[in-house]
Amino acid sequence: MSFAYKISAMNRERKWNIFLKELDPSYNDSILDVGYSDKEYSKTDNYLEKHYPYKKKITALGVEELVEFPKRYPK
């Protein structure tokens, strides 16, 4: 893994922990993910979809054509 990806992973994990601490999401909360990635190039792409426990409560919004994303995240 390149240095840039390591930094990205650390940064996303830090933001994720802040998100959990400050918002304390529950099943009743819906989330809008602005800027999904249809193709994933690293473990840090689509971080929210990989980690949010209530996958059915995520709406992903982006400008890319949906090809791979719905196969990986059908909910």
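So, here's what we can say about the structure. Please read all numbers here as calculations on a predicted model, not as lab measurements. (Residues numbered from 1 in each chain as written. Predicted model: local features only at pLDDT ≥ 70, side-chain atom pairs only at ≥ 80, totals over all residues. Heavy atoms only, no water.)

1. A few points about the packing of aromatic side chains
Summed over all chains, the structure comprises seven aromatic pairs. An aromatic cluster is present here, built from Trp16, Phe19, Tyr27, Tyr47, Tyr52 and Tyr54 joined pairwise through their rings. Here the guanidinium or amino end of Lys57 rests over the ring plane of Tyr27, the centre of that ring lying 4.9 Å away. (Phe/Tyr/Trp six-rings, centres within 6.5 Å; stacked < 30°, edge-to-face > 60°. Lys NZ or Arg CZ within 6 Å of the ring centre and 35° of its normal.)

2. Topic: the pattern of salt bridges
Within the structure shown, the criterion is met by three salt bridges. Lys50 is paired through a salt bridge with Glu40; the nearest N and O atoms lie 3.2 Å apart. Linking Lys50 in helix α2 (residues 47-51) with Glu40 in the loop between β1 (31-34) and α2, this pair joins segments that are ten residues apart in sequence. We classify Glu40 as partly exposed; its relative accessible area is 26%. What you see here is one network of salt bridges that share partners, running through Glu40, Lys50 and Arg72. (Salt bridge = Lys/Arg side-chain N within 4 Å of Asp/Glu carboxyl O. Helix = DSSP H or I, 4+ residues; strand = E, 2+ residues; numbered from the N terminus. Buried < 20%, exposed > 50% of the residue type's maximum accessible area, 1.4 Å probe, protein only.)

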